[in-house]
Amino acid sequence: MQAEKATTIYEKSKPGRRASTLPVLDVPDVSVEDLLPASAIRKTPPRLPEISEPEIVRHYNKLSRRNFDLDSGFYPLGSCTMKHNPKLHERAAALPGFARLHPLQSSERAQGALELMYNLEGALSEITGLPHVSLQPSAGSHGELAGVLLTKAYHEDRGETRTKVLAPDTSHGTNPATVTMAGYETVKVATNERGGVDLDDLREKATTDVACLMLTNPNTLGLFDENIEEIAKIMHDVGATLYYDGANLNAVMGISRPGDMGFDIVHMNLHKSFTQPHGGGGPGSGPIAVSERMAPYLPKPRIVKKEGRFRYDFDQPKSIGRLRGFQGNFGVFVRTYAYICSLGGEGLKAASETAVLNANYMLEKGKQNERVNKYLPVAFDRTAKHEYVLSAAESKRQLDVRATDIAKRLLDLGYHPPTIYFPLLVDEALMIEPTETETMETLDGFIEALDQILEEAEKDPAFVQNAPYTTPVRRLDEAAAARSPVVTQDLDLLP
Ligand SMILES: Cc1ncc(COP(=O)(O)O)c(C=O)c1O
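First, a word on scope: everything that follows refers to the structure included in this document.

Analysis parameters
Residues numbered from 1 in each chain as written. Predicted model: local features only at pLDDT ≥ 70, side-chain atom pairs only at ≥ 80, totals over all residues. Heavy atoms only, no water. Phe/Tyr/Trp six-rings, centres within 6.5 Å; stacked < 30°, edge-to-face > 60°. Axes fitted to C-alpha atoms, helices over the stretch in contact; angles between N-to-C directions. Helix = DSSP H or I, 4+ residues; strand = E, 2+ residues; numbered from the N terminus. Left-handed = near helix turned anticlockwise from the far one by under 90°. Contact = heavy atoms within 4.5 Å. Nonpolar A, V, L, I, M, F, W, Y, C, P; charged D, E, K, R; others polar. Near = heavy atom within 4 Å. Polar contact = N/O pair within 3.5 Å; in protein donor to acceptor, adjacent residues only side chain to side chain. Core = buried A, V, L, I, M, F, W, Y, C linked by side-chain atoms within 4.5 Å. Buried < 20%, exposed > 50% of the residue type's maximum accessible area, 1.4 Å probe, protein only. 1 Å grid on protein atoms, 1.4 Å probe; cavity = no way out; pocket = protein on both sides within 12 Å on 5 of 7 lines; lining within 4 Å. Points joined across faces, edges and corners; volume = space filled by probe spheres on them.

The tally for this structure, following the rule as stated, stands at 12 aromatic pairs. With 5.9 Å between their ring centres and 50° between their planes, Phe68 and Tyr75 make a pair best called tilted. The interplanar angle of 15° and the centroid separation of 4.9 Å between the aromatic rings of Phe463 and Tyr469 together place this pair among those described as stacked. An aromatic cluster of three or more residues is present, and its members are Phe74, Tyr415 and Phe446.

Written out as C-alpha cells, the structure reads:
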C-alpha cells in the first residue's frame, strides 16, 4: 500500500475561500499609505493561501499524523534515550510565572526561577557525585565542548600545553568532533574482547601530552567498564582529566555516580535521561558537573545564594566565559526539576533499574527466538545496561538483508527503527534501547516484529530489501537528504 502524497496548503487554496471574516468597520477607514512609509509597503500583495477553517484544521492534523513520535509508538533509538515525557511536566513548564518570564528580568524579580535552577544544580550534583554544576550548555555535544574547554583552561592555568584527547573506538561521533573544535587531536583507544577499554592500549597512549580521556560509561555497546577505577588512575597519573559523556546516565542514576568512579567532568543530557521531548534538534540541555579543582573554569555567571536570596555571580576570573545567551533552555530545567522531584532519589534509581531490566529482558527474548538469534546475534554477549547492540552481519551474509533493510521494514510494522551502523566497530550494527517506560507487551512485540521480518526475508529477500511500503516517502538517498535537504517550495512552480 502506497501512502497518499502530501499536498501543500497552497495547492488546496481556492480564490475567495476564507477561514474567518472580519466585522464591518465601526471606526473611520484609514489607508495603509497614511500609516506606513512607502518603503515599508509591498509592491504586490503577499500570496497567501485562501482556505476554509475546516480545511486548515484537517490539513495540519493530517500532516501531524505523519510524524512518528514517542506518543505514537515504540522508539528504541539506541543511545538516544527516547523515553516517555510525562504530561505533568508540560504543565509545570507552562505555568505563567515560568513561561512568561522575560530573560532580562532582574534577578530580584526572578527569585523563583533562580531558586529552581539552584536546586536543580544541587540535584544534578547529588546524582553525579560532583560538587559544582553549570546548566548553560544546551546539548550533550555543547556540554562536551564546555568540558573539554574547561580541561584546556585547567592545564593552561598550570602552565601545561597538551595536544591530544583520547576517545575509545566506541565513542559517539560528537566526542571526536568536540575534540577537533577545541583544538586537540583525537587519539582512538581500542576496545577489548569484553567490550570495555583495552587497558594495554590505553597505557601506551596515556602520555603526558594527553589532556583528557572522554569516556561513556556504560558505553555505546551498553556495557559498563569493569576497569573504570584503573582507567581513572592511568589518566590521573599522567595529569590528564577524565571526562564522562553522560548520555547514558539513564542506566546508572541513583546506582553509581561518575564522581565516585573518578571522573572530573560530566555532561548530562537532560533531553534524554530526564524526560524532555526532543528530536529534530528541539530544545536540549547538556549541563556539566565538575570536581572542586575544575570549578574555577566553569561558564559564568554562576547562581549563588546569599542570605536567602539568589543572584548571578559574574566574578569568576578564570571562567571559560559565557557559552550561550542567558542561562540555557529554561523550560527544560523546569521539566527536569519536575521529573526529579516527582520521582525522588528512590524513583530515579527504580527508573534506571527498570531501564536495565527492560534491555536485558529484550536481549534474552531475542536470544531465545531461534531466527532472531541466528541472523541477529548480540555483538558482545554480556549482561547489558540500558541498551545493547545486535549485528546483522549474518542476516546480510545468509539472506542478503542488511541492518538498513530491517530498519526500513520496521517502519511498516509501526516501530521507529533502532540506531543502525553505530557503534562503528560492530559490523551491521543495530543498537536497541527500550527504556524503562515500555511495557513487556511492547518489548515482546518488537522481538516478534524482528522475527516476522527475518521470516519474510527467508522467503523473499527482495520484499524486505524494498521496504518500506506504507510510509509517505519510500527509500531516500539518505546522504543527499542529510546534506542537501530541500525544505522550501517555490510558490511560482505550484499549479
Ligand atoms: C553517547 C552520546 N554522547 C553524546 C551525545 C550528544 O548529545 P546531543 O545530541 O545532545 O548533542 C549523544 C547523543 O545521541 C550520545 O548518544
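Further remarks concern the packing of helix α15 (residues 403-412) against helix α16 (residues 440-459). One way to put it is that α15 packs onto α16 with a least axis distance of 10 Å and a crossing angle of 115°. Considering how the two elements wind past one another, α15 and α16 form a crossing that is right-handed. Of α16, the residues touching α15 (which contributes Ile406, Arg409 and Leu410) are Phe446, Ala449, Leu450, Gln452, Ile453, Leu454 and Glu456. Here the residues of the contact of α15 with α16 are counted per class, giving seven nonpolar, one polar and two charged.

Our next topic: the site of the ligand. The ligand sits among 13 residues. The nearest are Gly140, Ser141, Asp245, His271 and Lys272. At 3.4 Å, a side-chain N or O of Asn269 approaches an oxygen atom of the ligand. Between His271 and the ligand, the recorded distance is 2.6 Å, taken from a side-chain N or O atom to an oxygen atom. Contributing elements (two or more residues each) for the shell around the ligand: α6 (140-157) and α11 (270-273). With three residues, α6 is the largest single contributor of residues to the shell around the ligand. Per-class residue counts for the shell around the ligand are three nonpolar, seven polar and three charged.

What follows concerns the nonpolar core. Leu124, Leu202, Ile231, Met235 and Phe274 are the most contacted members of the largest nonpolar core, which has 55 residues in total. Of all the elements, helix α12 (residues 330-368) adds the most residues to this core, at 10 residues.

In this model, the largest pocket occupies a volume close to 1,200 Å³. As for the largest pocket, its lining consists of 34 residues, of which Arg66, Leu411, Thr471, Pro472 and Val473 are closest to the centre. Counting only elements with at least two residues in the lining of the largest pocket, the list comes to α2 (53-65), α15 and α18 (478-483). Per-class residue counts for the lining of the largest pocket are 18 nonpolar, seven polar and nine charged. Approximately 360 Å³ is the volume found for the second largest pocket. Forming the walls of the second largest pocket are 21 residues, and the residues nearest its centre are His102, Pro103, Tyr312, Phe326 and Gln327. At the level of elements, α4 (96-99) and α5 (111-128) are the ones that each hand at least two residues to the lining of the second largest pocket. Sorting elements by how many residues they give to the lining of the second largest pocket places α5 first, with three residues. Residue composition of the lining of the second largest pocket, by class: 14 nonpolar, five polar and two charged.

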